[in-house]
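# Observations on the three-dimensional arrangement
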Amino acid sequence: HVLLLGLRLGGLIAARAALERPEVSHLVLWDPVTDGATYLHELLADAATRSQTYGTVSPNGSASGVVGVMGFPVTATLRDELVRESLGTTPISRRLGGMLMCTEDRPEHHALARQLSGESGSVTFRHEPVQGRWDEVDNWGSAMIPQAAIQAIVSWMAAEVS
């Protein structure tokens, strides 16, 4: 079995890869980005807030068009690519087993679960709320590790992919 697991933007990338690679039998998406344009807007808004608060790179970018987001360069090319990506418009053309793990109860994740279950096969939807933001690193370089979500994914994998 080949299983791809993608978190946030990696979920969008993993879903694209799973559809292009026939050897992928299972897909786990953890709080996947479902719409690149929306995600880009959130990133840039967060960068603007951090710029005002912590004095980081301006979200308007440098002269070269690079925007600093949490220490990572986001180029104009990457921004253009993100705007064109969306899981909602991704055609699901083959059967995949999968899990959609969500730590926030967002309508787009419910819609994605229905799309994947209806078109591609067996997809388990799991809402596992966590306190705070697991996908964000604080100013001291630490991140919250949501153990319940990780354990749910591992348990699903052990049961489904055997």
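For the structure, see preceding data.
To start, this report covers the structure provided alongside it.

Another aspect to go through is the nonpolar core. Within the largest apolar cluster, 25 residues are counted, with the highest numbers of intra-cluster contacts made by Leu27, Leu29, Val69, Leu87, Leu96, Leu100 and Leu112. Among the elements of the structure, α1 (9-20), β2 (24-30), α2 (36-54), β3 (67-69), β5 (97-102) and α4 (107-120) are those that each provide at least two residues to this core. Broken down by element, the residue count for this core peaks at five residues, all from α1. Excluding residues within four positions of it along the chain, Leu29 makes contact with Gly6, Gly11, Ala15, Leu87, Met99, Leu100, Met101, Leu112 and Leu116.

Now for the sheet that holds strand β1 (residues 2-7). Within a sheet, neighbouring strands are paired by backbone hydrogen bonds and run either parallel or antiparallel to one another. The four strands are arranged β1-β2-β5-β6 in an open sheet whose pairing can be described as parallel. Of all strands in the sheet, those bounded by a partner on one side alone are β1 and β6 (123-127). Across this sheet, the average inter-strand angle for adjacent strands is 10°, counted without regard to direction. In this structure, β1 lies alongside β2, joined through six bridges in parallel fashion. Residue pairing for β2: Leu5 is matched across the bridge by Val28. α1 rests against β1 and β2 of the sheet, and its axis sits at about 150° to β1. Helix α5 (residues 147-160) rests against β1, β2, β5 and β6 of the sheet, and its axis sits at about 170° to β5.

Rules used in this analysis
Residues numbered from 1 in each chain as written. Predicted model: local features only at pLDDT ≥ 70, side-chain atom pairs only at ≥ 80, totals over all residues. Heavy atoms only, no water. Core = buried A, V, L, I, M, F, W, Y, C linked by side-chain atoms within 4.5 Å. Buried < 20%, exposed > 50% of the residue type's maximum accessible area, 1.4 Å probe, protein only. Helix = DSSP H or I, 4+ residues; strand = E, 2+ residues; numbered from the N terminus. Contact = heavy atoms within 4.5 Å. Pairing = 2+ DSSP bridges. Axes fitted to C-alpha atoms, helices over the stretch in contact; angles between N-to-C directions.

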